[in-house]
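Residue strings, one per chain:
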Amino acid sequence: MSRTKNLTYDKSRKRYIFQIRVPLDLTTAFGGRTHIKAALGRIEGAAAVAKAQELSAHWTGKFESTRQQRTRPFQAIGNAKVTLTLDDALFRRAVATRRSITLRGLQQKLSALRQGADDAWDVAVAEAQDWLKNSRRRLARGALDDAKQALEDIAANYGVLLTRKECDFEAFADLINADTVTLASAWLSALNGECGLDALCPKPSDLLPLTRFFGTPAASLISAWQDRLKLVGKETRPKTVAKYASIIEDLAIVIGEAPVEALNESQVKALMALWQERGNGSSTIVAKLTTVITLVAPVSADAAACCRSILPRTRIDRAKRLPLTAAQLHKVREAIVADEVTTDDDTMLVDLMMLTGARLGEMMQMRVGDVIQHDGLWHLKIGGHADAVLKTVTSYRTVPLSTTQTPELERWLSLRTHTAAPSEFLFGDAQADGFGCFGGPESKRLNRVIRSLHDDKRIVLESIRNTVARTLRAEGVDPRVRRAILGHTDVDIHERHYDPEALMTIEDFMEAVPVLEALAAKARGKCRAAS
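Residues numbered from 1 in each chain as written. Predicted model: local features only at pLDDT ≥ 70, side-chain atom pairs only at ≥ 80, totals over all residues. Heavy atoms only, no water.

For the chain, the name recorded in an unreviewed UniProt entry is Tyr recombinase domain-containing protein, with Thauera humireducens as its organism. Of the comments in the UniProt record for the chain, the one headed Sequence similarities (unreviewed entry) reads "Belongs to the 'phage' integrase family." (UniProt positions renumbered as here; feature names shortened; annotations may be inferred.)

Below is the structure:
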């Protein structure tokens, strides 16, 4: 049986093992692995040798193709060139980038020499000796020629223009000259058969901080985030995708072609300054930066840590919505009725929100078929059709309401349920935006009216929902009934598992009906106590 150096035999398990070493300059390209190992199983020796030779050829070819791909020069096309300012932070990266160019040329020359005559090899050794001697002299004298040539080579090979503004170019030249001595010495040793050149190849992460060399571009963070969610069966909402994409577009503006892995403190501060210039408040900036952390953390723990270090240690509270008093609610309703732009449907919308505590988007998604009348009460099935998109699973609910104190609403509901098809929207003008969300036009229209009455930005249309919650609590309605009517989940573990709100019936909600009916009466300027 012929033998192969990549084949061993595991006596304890009585099986053959294939193993091949990953070249040192390629370990990063193969996930940091130093060896590729595979168990061949309990097969005959001849079959194991054949399989090992096949695997050896496969991996050797893969190593070579990976090396060629990494050392392939970048072709600057059109406006693909990029300009970086050469400073102390980029010195060593520029040296490593120039080394990759030089090594590529030396490897090509070595391949040609191996196929040439012996006298050509002797000439190459003599030239290498002269190169080493001269490079040592230039290092000693602090020559600048190699450093200037290095910048030209980087620009020609990779389309990266390094400008020398306020940097210690002599210090950069010393680094280039010292690296040239290292390369010249290694080249001479390689020609003498003392070592190879692979160990000198810089890691991609040591090159200039540009995605053409290594790393993840900011633009790819959104698709990577979506792919991670798909792996666990979660879908991304278009509005969330658009919001995240806008944040990452700002990040791309700040870091340019730099990879996410190279994100630094000054770039994070520049990103926050950009948001501040656009009028974003402190809580918005913190929320956006938290989103950046969420998106970059799977790619680079260092980049995420850099963002976290900038976040303020103290909590920045977001302004909470305020509930409306009975007097404020009455004024708001009167203003909506009197406004020239608002419609009768807007008034009915406000009344329904008071009587159900539903969110604006939930109301605007309702179909006519979701509304039925039974035993003198109207039953609104929130999320009652297949196309409904609600905030949470517990948002799907049926809420009873009484229209005794709202005769206009009674007539409006009767008209809609008797004249419109069940598949039509309860509010005829309801329409989803580009993200599939409902209530945008209504929110702008009605909040404009509310803003004319109140300067406090914490009082908005959705404050009606806060008013309903406070009213139910003040009237002593069961906390679980309050949460269920508002579409919130149980807070008690026992109830969540053994008596969940999903099992509540209309009868459970009945104690809230007179309370909300009284609230609607107050909003209309009437005084009626809850019975």
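That was the structure; now back to the text.
This brings us to the pattern of salt bridges. Tallying each qualifying case throughout the model produces 16 salt bridges. Ionic pairing is found between Glu-127 and Lys-109, a salt bridge with its closest N-O pair at 3.5 Å. Of the two residues, Glu-127 is situated in helix 3 (residues 118-141) and Lys-109 in helix 2 (residues 88-114); the sequence distance between them amounts to 18 residues. Exposure remark for Glu-127: the relative accessible area of 42% places this residue in the partly exposed category. (Salt bridge = Lys/Arg side-chain N within 4 Å of Asp/Glu carboxyl O. Helix = DSSP H or I, 4+ residues; strand = E, 2+ residues; numbered from the N terminus. Buried < 20%, exposed > 50% of the residue type's maximum accessible area, 1.4 Å probe, protein only.)

Take the confidence of the model for the chain next. Across the chain, pLDDT averages 86, with 90% of residues at or above 70. In the model, residues 71-79 has pLDDT below 50 throughout and makes ten contacts with residues more than four positions away in sequence or in other chains. (pLDDT = per-residue confidence, 0-100. Contact = heavy atoms within 4.5 Å.)

What follows deals with helix 3. For helix 3, which comprises 24 residues, the first-to-last C-alpha distance of 35 Å matches the rise-based estimate of 34 Å (1.5 Å per residue) to within 8%. Taken residue by residue, helix 3 has Ala-124, Val-125, Ala-128, Leu-132 and Ser-135 as its buried positions. Where helix 3 is buried, its residues touch helix 2 and helix 5 (169-191). The positive-phi residue at the C-terminal boundary of helix 3 is Gly-142, with phi of around 65 degrees. (Expected span 1.5 Å × (residues − 1).)

As a further point, take the packing of aromatic side chains. Taken as a whole, this structure holds eight aromatic pairs when the rule is applied. Between Phe-91 and Phe-172, the ring centres sit 5.3 Å apart and the planes meet at 40 degrees, which makes this aromatic pair tilted. Note that Phe-91 is positioned in helix 2 and Phe-172 in helix 5, a separation of 81 residues in sequence. Exposure class is identical for Phe-91 and Phe-172. Each is buried. Three or more aromatic residues joined by ring pairs form one cluster here, namely Phe-91, Phe-169 and Phe-172. Its end group placed over the ring of Phe-169, Arg-164 keeps NZ or CZ at 4.1 Å from the ring centre. Cation over ring: Arg-367 sits above Phe-425, and NZ or CZ is 4.2 Å from the ring centre. (Phe/Tyr/Trp six-rings, centres within 6.5 Å; stacked < 30°, edge-to-face > 60°. Lys NZ or Arg CZ within 6 Å of the ring centre and 35° of its normal.)

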